[in-house]
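Listed below are the residues making up each chain.
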Amino acid sequence: MAIIYLDNAASTWPKPPAVKEMMAEVIDDFAANPGRGGHTLGMKASKSVFRTRVQLSRLFGIQNPNNLFFYLNATQALNQAIKGFLKPGDHVVSSSVEHNSVRRPLEYMRKTIGVEITYVEPRDDHQFYPEDFEKALQPNTRLLAVSHASNLTGVILPIAELGALSKQHGVAFLVDASQSAGVLPIHVEEMNIDMLAFPGHKGLYGPQGTGALYVHNDIDLEPLIHGGTGSQSEAIDQPTTRPDRYESGTVNTVGLAGLLAGVSYVMEKGVENIREQEWELTKQTLVGLKQIQGVEVYGPGVEVERVGVVSFNIDGVDASEVSFILDQQYGIATRSGYHCTPLGHQTAGTEQKGAVRASYGIFNTQKDVEALIQAVREIAAAFV
Ligand SMILES: Cc1ncc(COP(=O)(O)O)c(C=O)c1O
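Since the structure is predicted, the reported quantities are computational estimates derived from the model, not experimental observations.

1. As for the packing of aromatic side chains
So, step 1. Tallied over the entire structure, the rule returns six aromatic pairs.
So, step 2. Measuring from ring centre to ring centre gives 4.8 Å for Phe60 and Phe198, while their planes differ by 50°; the resulting arrangement is tilted. In this pair, Phe60 sits in helix 2 (residues 40-60) while Phe198 sits in strand 7 (residues 195-199), placing the two residues 138 residues apart along the sequence.
So, step 3. For Phe60, a relative accessible area of 1% corresponds to the buried category.
So, step 4. Centre to centre, the rings of Phe128 and Phe133 are 6.1 Å apart; their planes meet at 45°, and the pair counts as tilted.
So, step 5. We classify Phe133 as buried; its relative accessible area is 1%.
So, step 6. Of note, Arg123 hangs over the ring of Tyr129, and the distance from its end group to the ring centre comes to 4.2 Å.
So, step 7. Of note, Arg142 hangs over the ring of Phe85, and the distance from its end group to the ring centre comes to 4.1 Å.

Structural data, given as structure tokens:
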């Protein structure tokens, strides 16, 4: 049975063939330590990592590639941004659809240094409005930290407007682009984004073990990790130069070469084209699932654009059972249960039962959606 992979919001699969080829090339030819040895292989490794930095900078409108720091995933990047930025007495405005990778570091800062947090809710139409974030600002607000898109309902937050708002009020703006990097247009300068965290292994089609954080020149973060950087080795203190200040330890040279291939593939295809393709599949899913008796779909209706994420439940059937049947009987891979976002589940009203999530990538087709809808129809008919 061929697998229909609908868990792209977790990690995209499959990857463009060039990802594996690039990684194999690095392993075979020069997987030395970048920025350390002055020898030919070390220089090749440094160049390779820098090429990935440059390509990502092009995609996101980052002027200086050295303001982009590599991590193993979005979570590490978000931890560096949040814990490195906040100080006692600060207030943060965030949203009620945040992933635990934003919420937990924020709550940790609340517990440890007394940071205050306000989570803004969507309105009845499931959408977020800049005015509601503006109302939440306080004199001590220093950070606005939001996801670009929800990993549970796919709802998109108005990032450009929130960037303008942050700038107007002198508040730093952190965006978690885990569900949008490679899928929605992002330009850090035009959108006034001060910090952008994203994974390499989702919509950028790199391998797992890749992620990054962009930080504007004017923002100084306290580094979370201290150690070897290959630069200023004689100094006791962490270097002040970027990216070294925030990249202690050997980076994932092999994975980052794969990420370069993934990002290049995305740029060649065009973010707008990817967006259009995924939205078509998403619309087809929303329309199809809504016609099935006993199926409840979460988030806004088909009239509101979202990223390629659709969460649903079948009345009276546990979400994990639905996912299990989809996997075992139909070869369809979805994610079930709680999607690392208790806040998001409260907002969607699924905190008691979780949900089944189908999420799309560039290799999905209309046939995949048809197979999902047919399978859900059969499961619902058997149980409801
Ligand atoms: C909105 C959001 N933020 C953060 C993350 C964490 O990403 P990573 O697994 O790369 O740390 C995810 C992963 O699903 C996500 O969907």
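2. Quick notes on the side chain of Arg357
So, step 1. Tracing the backbone through its elements, the reader meets Arg357 in strand 12 (residues 356-359).
So, step 2. There is a polar contact of 3.4 Å between the side chain of Arg357 and the side chain of Asp7.

3. A closer look at the site of the ligand
So, step 1. Residues in contact with the ligand amount to 13 residues; listed here are only the nearest, Thr75, Asp176, Gln179, His201 and Lys202.
So, step 2. At a separation of 3.2 Å, a nitrogen atom of the ligand approaches a polar side-chain atom of Ser178.
So, step 3. One of the side-chain nitrogen or oxygen atoms of His201 is found 2.7 Å away from an oxygen atom of the ligand.
So, step 4. Calculation on the ligand without its partners gives an accessible area of 390 Å², and the protein chains cover 89% of this total.
So, step 5. For the shell around the ligand, the residue count by class is three nonpolar, eight polar and two charged.

4. Quick look at the pairing of strand 7
So, step 1. Most of strand 7 is tucked away: five of the five residues are buried.
So, step 2. In this structure, strand 7 lies alongside strand 8 (residues 211-215), joined through five bridges in antiparallel fashion. The residue of strand 8 that forms the bridge with Phe198 is Ala212.

5. Details of the domain arrangement of the protein chain
So, step 1. When cut into domains, the protein chain gives domain 1 (17-269) and domain 2 (271-383).
So, step 2. The C-alpha centroid of domain 2 is placed 28 Å from the C-alpha centroid of domain 1.
So, step 3. Domain 1 puts 31 residues into the contact, and the matching count from domain 2 is 30 residues.
So, step 4. On inspection of domain 1 and its partner domain 2, the count reaches seven residue pairs in polar contact (both at pLDDT 80 or more).
So, step 5. When contributions to the side of domain 1 that touches domain 2 are tallied by element, the ones reaching two or more residues are helix 4 (100-113) and helix 7 (253-269).
So, step 6. The leading source of residues in the side of domain 1 that touches domain 2 is helix 7, at three residues.
So, step 7. Looking at the side of domain 1 that touches domain 2 residue by residue, the classes come out as 14 nonpolar, twelve polar and five charged.

Calculation notes
Residues numbered from 1 in each chain as written. Predicted model: local features only at pLDDT ≥ 70, side-chain atom pairs only at ≥ 80, totals over all residues. Heavy atoms only, no water. Phe/Tyr/Trp six-rings, centres within 6.5 Å; stacked < 30°, edge-to-face > 60°. Helix = DSSP H or I, 4+ residues; strand = E, 2+ residues; numbered from the N terminus. Buried < 20%, exposed > 50% of the residue type's maximum accessible area, 1.4 Å probe, protein only. Lys NZ or Arg CZ within 6 Å of the ring centre and 35° of its normal. Polar contact = N/O pair within 3.5 Å; in protein donor to acceptor, adjacent residues only side chain to side chain. Near = heavy atom within 4 Å. Areas by Shrake-Rupley, 256 points an atom, 1.4 Å probe, with all protein chains shown as cover. Nonpolar A, V, L, I, M, F, W, Y, C, P; charged D, E, K, R; others polar. Pairing = 2+ DSSP bridges. Domains from an automatic or database assignment. Contact = heavy atoms within 4.5 Å.

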